[in-house]
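# Descriptive analysis of the structure
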Amino acid sequence: MYMTIRDELIAQGRADGMADGKADGRAEMLAEMLARLLDTRGFALAEEFRKRIANCKDEALLRRWFDRAVTATTLTEVFDD
């Protein structure tokens with residue numbers, strides 16, 4: 001009937017955890033799509049770039065890289081921030 005402060009904190013923690021998990025999943029999916037796009041476009045991705053993509057959790061940055069990768073002619077154009 002009434003939630004205690006403890007119950008509210010637990011519920012908030014669960015909600016935050018689920019949101020973080022979803023965000024991590026989206027970032028992972030974007031990273032995979034970016035690597036695939038670059039491979040498909042014929043870019044030879046060095047291990048350094050593969051790690052940079054895989055370790056990035058910033059969705060906005062991954063989207064920016066992806067958008068650039070659509071028309072880029074060099075990897076510098078994709079990743080130069």
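To start, this report covers the structure provided alongside it.

What counts and what doesn't
Residues numbered from 1 in each chain as written. Predicted model: local features only at pLDDT ≥ 70, side-chain atom pairs only at ≥ 80, totals over all residues. Heavy atoms only, no water. Phe/Tyr/Trp six-rings, centres within 6.5 Å; stacked < 30°, edge-to-face > 60°. Helix = DSSP H or I, 4+ residues; strand = E, 2+ residues; numbered from the N terminus. Buried < 20%, exposed > 50% of the residue type's maximum accessible area, 1.4 Å probe, protein only.

Let us look at the packing of aromatic side chains. Using the criterion set out here, one finds two aromatic pairs in the structure. Ring centres 4.9 Å apart and planes at 25° place the aromatic pair Phe49 and Phe79 in the stacked group. Here the residue Phe49 occupies a position in helix H2 (residues 47-55), and Phe79 occupies one in helix H4 (residues 75-79), the gap between them amounting to 30 residues. Classification of Phe49 as buried rests on a relative accessible area of 18%. Note on Trp65 and Phe79: the rings are 4.9 Å apart at their centroids and 70° apart in plane angle, and the pair reads as edge-to-face. Separated by 14 residues along the polypeptide, Trp65 in helix H3 (residues 59-71) and Phe79 in helix H4 bring together distant segments of the chain. Residue Trp65 is classed as buried on the basis of its relative accessible area, which comes to 1%. Among the residues examined, Phe79 registers a relative accessible area of 4% and is labelled buried. Each member of the aromatic cluster is reached from another via a ring pair, and the members are Phe49, Trp65 and Phe79.

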